[in-house]
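Summary of structural features
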Amino acid sequence: MTKLVYYIFYTLSLLPFRVLYALSDLEFLIVYRLIGYRRKIVRSNLTSSFPEKNEAEIKEIERGFYHWFCDYFFETIKLLSLSDKELKKRLIITNSAEHEQWFKQGRNTAAILGHYCNWEWLSRVGYKMEQNRRVGLIYGPLHSKAFDYLFFQIRTYPPTGVPVPKKQILRQLLSWKREGRMSLCGYIADQAPKWENIHCWLPFLNHNTPVFTGAERIMRKMNNVVYYVDMTRPKRGYYQMTYRLITDDPNSLPEFEITRRFFQMLETSIRNNPVSYLWTHNRWKRTYEEFNRRFMTVNGKIIPRTKE
C-alpha cells in the first residue's frame, strides 16, 4: 500500500505544470465551492486578523487563498519528479552564498519560517550548496505510513536535503557537528503549540498568540546564525526567496527575542500578500484567558493549577 500510494503520486507528478494547474482549478471548485473545506475557520481567521478590511475584501482574500492552497498541493507533488534544471528556473534564491560565508568561518546556520508560500519547496534550497553541506528539514512523522513515506520522499533532496524527525533534530545537528559537516537547519515555527508547550505569548496578526520556542532554544544551544526565510510568489509556479538576517549572536539577545523578531517579519510577509498563508490552520484556538485558568507561574516555571 505504501509503495502504491507513492507510485500513484509520482505518476501524477510527471504531468506538466499546465496540466497540474488545470487540475488545481478543478480542485478549487470542489474544495471551495462544493465542499467548503474549513471555510468557517478561514473566514474567522481572516476577519479577526484584518478587522480593518470590509466583507468584500475578506472574501477576495479568501478566494485567492483557496486558489493558492490548491496550487500548493500540486506544486508539492511535482517535487517528486521536478528536474534540477526546472527547479533552478522556478525557485530563485537571491543570497544563498551568505550561508557559505558563515560555513567557512565554522558557523552553522538556521532558517526560521512559517506556513507561507510553498514551504515544501524549501526542501530544495540545497541545490545551491556544496554537496558536503547538509540542510536539515524538520518534520513531524504522519500517522499514515503510506503518506509519511510519500512526504519523506518529497522532502528528500540528496545529498544535501535530509528530512529529520522533530524529536531527533538536536541529536542530528550534534552528529553533523562532530563529523565536521556544516549545516543549515530549517524550522517551521508558527504552529499552535499544545497547552503544556506554551512558554510565550506574542502579538501576531491582531491576536495575543501562543508560540513555539523550541526552535529558539536549539538555535541558542548550537550558537547558530539565524535567518528569516522571506518567500514571495511572483507568478504561478515560480518562487523567490531571500534570507533575512535575524542575528549572528543568538545568545546576546533576551529570551524569546528571536521568536519575537520572526513573528514580526512573518506578519509583514503575510500583510504584503495574505492569500499565501495557511489560513485553514485553527491558529488561535487557545486563548490567553483559558491558559491562565489552566496554569500558573511559580518561580519562573509554568505549572498546571491544582484542581479543587
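Our structure is the block above this text.
Now for a look at the structure at hand. (Residues numbered from 1 in each chain as written. Predicted model: local features only at pLDDT ≥ 70, side-chain atom pairs only at ≥ 80, totals over all residues. Heavy atoms only, no water.)

We now examine the sheet that holds strand β3 (residues 134-139). Strand order in the open sheet formed by seven strands is β1-β9-β8-β2-β5-β3-β4, and the pairing between neighbours is mixed. The two strands at the open ends of the sheet, each matched to only one other strand, are β1 (91-93) and β4 (161-165). With strand direction ignored, the average angle separating the axes of adjacent strands in the sheet is 30 degrees. (Pairing = 2+ DSSP bridges. Helix = DSSP H or I, 4+ residues; strand = E, 2+ residues; numbered from the N terminus. Axes fitted to C-alpha atoms, helices over the stretch in contact; angles between N-to-C directions.)

The omega torsion of the bond from Pro 158 to Pro 159 falls at 0 degrees, within 30 degrees of zero and hence cis. With respect to the helices, strands and loops of the structure, Pro 159 is situated in the loop between α7 (145-155) and β4. Residue Cys 117 is not a glycine yet carries a positive backbone phi of 55 degrees. One can find Cys 117 in the loop between β2 (109-113) and β3. One non-glycine residue, Asn 206, adopts positive backbone phi at about 70 degrees. Topologically, Asn 206 is positioned in the loop between β6 (201-204) and β7 (207-210).

As judged from the four bridges shared by β6 and β7, these two strands associate in the antiparallel manner. Following the sheet pairing, Pro 203 is matched in β7 by Asn 208. The hairpin turn running from β6 into β7, its antiparallel successor, is two residues long, and Leu 205 in that turn takes a positive phi close to 50 degrees.

One finds Leu 91, Tyr 187, Met 241, Tyr 243, Ile 270 and Trp 279 to be the most contacted residues of the largest nonpolar core, which totals 86 residues. Of the residues forming this core, the biggest block, nine residues, is contributed by helix α4 (residues 55-78). Ignoring anything within four residues of it in the chain, the contact list for Tyr 187 reads Ala 110, Ala 111, Ile 112, Leu 113, Ile 138, Ile 169, Leu 173, Ala 215, Ile 218 and Met 219. Core analysis: the next-biggest nonpolar cluster, separate from the first, contains five residues, Trp 195, Ile 198, Phe 291 and Phe 295 among them. (Core = buried A, V, L, I, M, F, W, Y, C linked by side-chain atoms within 4.5 Å. Buried < 20%, exposed > 50% of the residue type's maximum accessible area, 1.4 Å probe, protein only. Contact = heavy atoms within 4.5 Å.)

A few words on the pattern of salt bridges. A full pass over the atoms with the stated rule returns 21 salt bridges. A salt bridge links Lys 59 to Glu 55, with the nearest nitrogen and oxygen atoms 3.3 Å apart. Of the two residues, Lys 59 and Glu 55 both sit in helix α4, four residues apart, roughly one turn of that helix. Given a relative accessible area of 54%, Glu 55 falls into the exposed group. Across the pair Arg 244 and Asp 230 runs a salt bridge whose closest N-O atoms are separated by 3.1 Å. In this pair, Arg 244 is assigned in strand β9 (residues 238-247) and Asp 230 in strand β8 (residues 225-235), connecting sequence segments 14 residues apart. In this structure Arg 244 comes out as partly exposed when scored by relative accessible area, which is 38%. Overall, the relative accessible area of 18% leaves Asp 230 in the buried class. (Salt bridge = Lys/Arg side-chain N within 4 Å of Asp/Glu carboxyl O.)

What follows covers the packing of aromatic side chains. For the coordinates displayed, the defined rule picks out 32 aromatic pairs. Between Trp 68 and Trp 119, the ring centres sit 6.2 Å apart and the planes meet at 55 degrees, which makes this aromatic pair tilted. Residue Trp 68 is located in helix α4, and its partner Trp 119 is located in the loop between β2 and β3; the two are separated by 51 residues in the primary sequence. By the burial criterion, Trp 68 is buried, and Trp 119 matches it. A ring pair is formed by Phe 204 and Trp 284, whose centres lie 6.1 Å apart and whose planes are at 40 degrees; its orientation type is tilted. On the criterion of sequence distance, the pair formed by Phe 204 in strand β6 and Trp 284 in the loop between α10 (257-272) and α11 (288-294) is long-range, its members being 80 residues apart. A relative accessible area of 0% places Phe 204 in the buried class. (Phe/Tyr/Trp six-rings, centres within 6.5 Å; stacked < 30°, edge-to-face > 60°.)

With that out of the way, let us pick up the environment of Gln 105. Relative to the elements of secondary structure, Gln 105 occurs in the loop between α6 (97-104) and β2. The exposed category is assigned to Gln 105, whose relative accessible area is 57%.

Our next topic: a nonpolar patch on the surface. Side chains of Leu 26, Leu 29, Ile 30, Leu 34, Ile 35 and Tyr 37 sit close together on the surface and give an oily, nonpolar patch of about 600 Å² of accessible area. Along the chain, Tyr 37 falls in the loop between α2 (17-35) and α3 (39-49). Given a relative accessible area of 35%, Tyr 37 falls into the partly exposed group. (Patch = residues over 30% accessible without salt bridge, like charges linked within 9 Å, V, L, I, M, F, W, Y side chains within 5 Å. Areas by Shrake-Rupley, 256 points an atom, 1.4 Å probe, with all protein chains shown as cover.)

As a further point, take the pairing of β3. Most of β3 sits inside the fold, with five of its six residues counted as buried. Two elements, β3 and strand β5 (residues 183-188), share four bridges in a ladder whose sense is parallel. The residue of β5 that forms the bridge with Gly 136 is Cys 185. Taken together, the five bridges between β3 and β4 define a ladder with parallel strand orientation. The residue of β4 that forms the bridge with Tyr 139 is Pro 165. For the segment spanning β3, α7 and β4, crossover handedness is right-handed. (Right-handed = clockwise from strand over helix to strand, strands pointing away.)

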